[in-house]
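# Structural features, examined
Each chain is listed here by its residues.
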Amino acid sequence: MPGLGTSFGRGGATTNLMDLQNSDCILIQGSNMAEAHPVGFQWVVEAQRRGATVIHVDPRFTRTSALADLHVPIRAGSDIAFLGALINHVLTNDLDFREYVVAYTNAAALVDEDFRDTEELDGVFSGYDPEQGSYDPTSWQYAGATEAAAAGQRDPGQPGTPDSAGRHRSARSETSGSGGPAVEAKPERDETLQHPRCVFQVLKRHYARYTPEMVQQVCGIAPEQFARVADALTANSGPERTSAICYAVGWTHHSVGVQKIRAASILQALLGNIGRPGGGIMALRGHASIQGSTDIPTLFNILPGYIPMPLAHEHESLDDFVAEDAGKTGYWGNMRAYAVSLLKSWWGDVATEENDYCFDYLPRLTGNHGTYETVKAQIEGGCKGYFVVGENPAVGSANGKMQRLGLANLDWLVVRDMQMIETATFWKNGPELETGELVTDEIGTEIFFLPAASHVEKAGSFTQTQRMLQWRDKAVQPPGDCKSELDFYYDLGERIRAKLAGSTDEMDRPLLDLTWDYPKDDEGDVDGESVLREINGTGPDGTALSSYTELKDDGSTACGCWIYCGVYADEVNQARRRKPHWEQDEVAAEWGWVWPANRRILYNRASAAPDGTPWSERKKYVWWDADGGEEGTGRWVGSDVPDFIPDRPPDHVPAEDAQGPDAIGGKDPFIMQTDGKAWLYVPVGLADGPMPTHYEPLESPVPNPLYPEQQSNPAIENIESPVNPINPSFSEVYPFVFTSYRLTEHHTAGGMSRTLPYLTELQPEPFCEVSPRLAQERNLEHGGWATIVTARTAIEARVLVTQRIRSLRLGDRWIEQVGLPYHWGGNGITSGDSQNDLVGIALDPNVHIQDKVGTCDIQPGRRPRGRALTAYVAAYRRRAGVHDPEASADDREGDDS
């Protein structure tokens with residue numbers, strides 16, 4: 001989310017799926033949308049029917065490519081070089097939407113004179129500490145501003161974080177999900193865009209070497225292909241036309257994933273496509289409630305609504321906690337109201353002004369508690385218990401062996417799922433049992449498998465890819481002991497509270513004082529609507545609130561998630577609305593409910609010119625009506641809920657000392673940013689640089705031609721462990737690129753699909769896609785077996801020789817890529833080796849997400865079995881020079897395998 005959040009102020013998709021039909025050009029990159037999001041893809045097809053150009057940039061030719069007007073093959077992991085060249089093309093040829101850029105972005109802002117770019121420092125920005133592997137971003141600031149917190153680096157206790165003396169701190173990455181990072185002051189501006197230190201000129205210098213020729217050398221894309229994309233995007237952007245960009249985990253699952261999204265954000269802001277119909281950036285979430293699991297978070301570092309977790313030894317009081325944000329310009333300046341309302345929602349009457357609204361009840365962060373750090377802690381003995389809910393890390397997470405070794409070192413493990421997934425059965429059929437690396441009788445983990453209800457067996461809301469909450473009713477009762485998540489956790493809370501009843505230990509008060517009094521329906525299930533109403537929030541009289549603007553910091557309001565305030569307005573479950581499209585307009589405001597405030601396109605003040613008039617009649621969406629409003633004093637009106645203060649005129653200039661929403665000027669559409677502008681350059685808030693920069697993946701077959709002195713992301717987060725060896729770059733031992741993807745016929749790690757006969761029949765075996773050239777080079781037979789090997793392990797898959805995977809020419813060499821679907825594991829009707837066992841763990845420093853691209857070798861035939869497998873992999877490691885401190889005598893004897 002920091003990619004979109006630091007750029008525009010919120011981490012959610014800026015637009016909605018239905019609005020794609022209004023696009024004049026759609027670039028899909030980092031997504032196989034037709035297969036992974038087929039329902040949403042119908043709007044791409046509709047846009048194409050209306051005349052839009054659809055472009056698909058992807059390593060494989062997929063069903064999306066087949067329906068696109070143009071498919072552009074690209075080397076996996078090289079997207080920033082391609083997007084950077086598009087930015088350079090726009091800037092060099094004066095193709096930006098200049099009036100939009102000057103008024104609505106920070107292009108005119110002046111950057112501190114101490115800032116130094118990667119072009120001056122051989123691939124790193126100023127402030128880099130090579131010993132710590134992290135940045136001090138002080139020099140990135142606007143001229144005259146002081147530093148605020150940075151994404152991913154809020155706590156000085158986090159590994160890889162500099163000391164706390166004025167430097168950025170850990171675990172604040174996700175807070176840009178709904179409120180951009182704060183700067184202390186609005187910047188000095190040169191609206192002629194000529195000052196050498198203005199953002200516009202800094203961008204031009206940064207991307208000057210990102211040329212079509214460089215794209216060919218880095219990405220394998222011919223200049224004429226690049227030109228077709230550049231021409232389509234620029235010709236279809238401006239007052240009369242808009243272009244959209246769609247992405248998914250093909251961008252996010254990289255060690256520079258946040259910066260890929262940043263690059264798209266810069267491009268769309270320069271072209272004037274944000275906040276306008278047919279424009280925007282569509283962040284395609286993986287399934288029904290991925291968006292919801294960050295809004296109401298399952299992440300370690302944020303609270304509901306992207307409020308940051310407090311830090312140990314730093315946030316001793318509520319005032320300390322909100323001081324960093326309270327009073328800042330923009331809506332994030334109301335942080336105290338959001339935090340107090342959340343505390344009142346959780347602890348009710350117990351939370352009072354006298355006890356700081358129970359702020360002390362909140363846990364404190366002591367460092368990075370992300371998934372992969374937790375797995376490392378399991379192996380090292382620091383984590384003894386683990387809940388796995390809706391995940392299958394033994395198959396679905398990077399470095400499957402590391403996951404399973406961690407599970408085997410726990411005292412207890414709780415798995416809630418609909419099927420007996422590999423995470424629950426690793427102790428009896430995991431791959432490490434065959435190799436002798438684990439022995440069932442020696443695994444001490446006590447495993448509790450608790451059956452879960454499916455989506456048709458429970459009622460509740462989910463928040464899907466366009467920030468939309470939709471309510472589902474229960475169709476059938478769950479069988480046997482299966483329970484919904486809501487009922488499971490409510491029951492668990494009841495049992496824990498019963499055990500603690502009567503306790504005088506202060507440590508138990510947060511649990512005993514919780515508001516835990518949800519009503520149950522006639523079938524004995526917790527009433528989900530009562531939970532949604534609590535999330536929505538209530539006022540002093542106990543009635544449901546209508547908007548987050550009604551939240552107060554005096555304890556008179558309670559709200560479980562401030563960005564969801566309004567989903568239960570007028571005591572009506574707005575998420576349950578299903579008014580058919582023929583009974584409403586194209587915006588369809590009465591189908592579900594969208595955060596915030598049911599706005600379908602974010603930042604839609606930007607759909608009008610600075611004076612409040614529409615940029616064009618064709619792209620009219622929200623505009624200023626000088627005679628509107630109840631008293632005729634003026635109001636923002638249009639097709640959508642205005643994402644702006646409704647009665648603030650375009651010519652409003654806030655007072656110099658204004659704070660919070662009062663500081664938003666009439667020409668500042670990006671109301672969650674402290675300066676009201678879209679950020680082309682990020683002065684604060686990211687851990688790895690203010691502008692996207694091309695770095696190679698940690699495992700790459702080629703040197704970085706743009707920055708030979710800096711191969712990969714200098715701030716990359718490494719998980720150092722003997723069971724996470726990394727392939728060396730440029731290695732002849734691992735000469736090929738591998739990348740993973742999903743299939744329509746299977747779902748994520750396969751637990752919901754490998755058990756179904758009809759889906760198994762459609763995709764019965766794991767396979768690898770290779771080009772005819774690679775098949776010839778390695779003697780791979782179509783339909784036969786192949787072994788794919790990295791420093792972690794080797795897996796086997798059936799061979800699919802296809803033109804859909806292109807051989808790419810980079811300079812004087814060919815690059816081959818191996819495509820691997822990731823759905824298989826040891827259980828189910830169809831089983832097979834897991835692709836994720838190949839993947840090393842190297843993480844984006846902002847969001848701690850793994851890279852899905854690496855290097856490998858591929859050989860014909862099936863992989864070795866038993867101890868021969870570990871010997872085979874160890875022999876590869878030795879040939880590649882990978883340190884292997886735990887190699888056994890059997891491994892060494894297998895050196896010739």
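Every value quoted in this text rests on a predicted model; they were computed, and no experiment measured them.

### Details of the overall build of the chain
Helix and strand counts for the chain come out as 26 helices and 27 strands. Taken over the C-alpha trace, the chain has a radius of gyration of 27 Å; the compact-globule value for 897 residues is 29 Å, and the two agree within 12%. In terms of overall dimensions, the chain has a C-alpha envelope of 85 × 70 × 60 Å along the principal axes. Per-residue burial over the chain gives 63% buried out of 897 residues. Per element, the accessible surface of the chain, about 32700 Å² overall, is 50% carbon and sulfur. Positive and negative side-chain charges of the chain, numbering 79 and 128 respectively, have mean locations separated by a distance of 5 Å.

### Here's the deal with the packing of aromatic side chains
What the rule picks out here adds up to 38 aromatic pairs. With a centroid separation of 5.1 Å and 70° between ring planes, the pair formed by Y207 and Y210 is classed as edge-to-face. One exposure class covers both Y207 and Y210, and it is buried. Measuring from centroid to centroid gives 6.5 Å for Y338 and Y548, while their planes differ by 80°, and the two rings are edge-to-face. Taken together, the positions of Y338 in helix α14 (residues 335-347) and Y548 in the loop between α22 (528-536) and β15 (593-594) put the pair 210 residues apart, joining distant regions of the chain. Using a relative accessible area of 4% as the deciding quantity, one classes Y548 as buried. Among the aromatic side chains, those forming a connected cluster through ring pairs are F115, F125, Y128, Y135, W140 and Y681. Between the NZ or CZ atom of R416 and the centre of the ring of F488, over which it lies, the distance is 4.6 Å. The ring of W785 is capped by R862, whose NZ or CZ atom sits 4.0 Å from the centre of that ring.

### Section: the side chain of S731
With respect to the helices, strands and loops of the structure, S731 is situated in the loop between β18 (717-718) and β19 (736-741). From its side chain, S731 meets the backbone nitrogen of V733 in a polar contact 3.0 Å long.

### A word on the nonpolar core
By size, the foremost hydrophobic cluster in this structure holds 109 residues, and its most contacted members are F8, M33, I55, F82 and L86. Residue-level mapping places this core at the junction of two domains, with at least three residues from each of domain 1 (2-147 + 183-286) and domain 2 (604-669). If we skip the residues at most four places from it in the chain, L86 touches F226, V229, A230, L233 and L267.

### A short note on the state of the cysteines
In the structure shown here, the tally under the stated rule is zero disulfides. In this structure C561 is a free cysteine whose sulfur lies 6.7 Å from that of C559, the closest cysteine sulfur available.

### Describing the confidence of the model for the chain
For any part of a model where pLDDT is low, the fine detail of the predicted coordinates should not be relied upon. When pLDDT is averaged along the chain, the result is 91; 95% of the residues meet or exceed 70. In the predicted structure, residues 147-171 sits below a pLDDT of 50 and forms 103 contacts with residues beyond four places in sequence or in another chain. Per-residue pLDDT stays below 50 along residues 891-897; that stretch engages in 13 contacts with residues further than four places along the chain or on separate chains.

### Some remarks on the sheet that holds strand β13 (residues 460-463)
What holds strands together in a sheet is hydrogen bonding between their backbones, with the strands either parallel or antiparallel. Pairing in this open sheet of three strands is antiparallel, and the strands run β13-β14-β15 from one edge to the other. Strand pairing shows two members of the sheet lacking a second neighbour, β13 and β15, which therefore form its edges.

### Here's the deal with a nonpolar patch on the surface
A contiguous nonpolar patch, built from F387, W412, F448 and Y489 and spanning about 370 Å² of accessible area, is present on the exposed surface. With respect to the helices and strands, the residue W412 is situated in strand β11 (residues 412-417).

### Section: unusual backbone geometry
Note that the residue after W595, namely P596, is joined by a cis bond; omega there is -5°. Non-glycine residue D356 carries a positive phi angle of around 60°. With respect to the helices and strands, the residue D356 is situated in the loop between α14 and α15 (371-380). Judged by its relative accessible area of 21%, D356 is partly exposed.

### Some points on helix α18 (residues 422-429)
Buried within α18 are the following residues: E422, T423, A424, T425 and F426. Buried residues along α18 sit against β10 (385-389), α16 (393-396), α17 (400-407), β11, α19 (431-435) and β12 (446-451).

What counts as what
Residues numbered from 1 in each chain as written. Predicted model: local features only at pLDDT ≥ 70, side-chain atom pairs only at ≥ 80, totals over all residues. Heavy atoms only, no water. Helix = DSSP H or I, 4+ residues; strand = E, 2+ residues; numbered from the N terminus. Rg over C-alpha atoms; globule rule 2.2 N^0.38 Å. Buried < 20%, exposed > 50% of the residue type's maximum accessible area, 1.4 Å probe, protein only. Areas by Shrake-Rupley, 256 points an atom, 1.4 Å probe, with all protein chains shown as cover. Lys, Arg positive; Asp, Glu negative; His and termini not counted. Charge placed at Lys NZ, Arg CZ, Asp CG, Glu CD. Phe/Tyr/Trp six-rings, centres within 6.5 Å; stacked < 30°, edge-to-face > 60°. Lys NZ or Arg CZ within 6 Å of the ring centre and 35° of its normal. Polar contact = N/O pair within 3.5 Å; in protein donor to acceptor, adjacent residues only side chain to side chain. Core = buried A, V, L, I, M, F, W, Y, C linked by side-chain atoms within 4.5 Å. Domains from an automatic or database assignment. Contact = heavy atoms within 4.5 Å. Disulfide = S-S within 2.5 Å. pLDDT = per-residue confidence, 0-100. Pairing = 2+ DSSP bridges. Patch = residues over 30% accessible without salt bridge, like charges linked within 9 Å, V, L, I, M, F, W, Y side chains within 5 Å. Salt bridge = Lys/Arg side-chain N within 4 Å of Asp/Glu carboxyl O.

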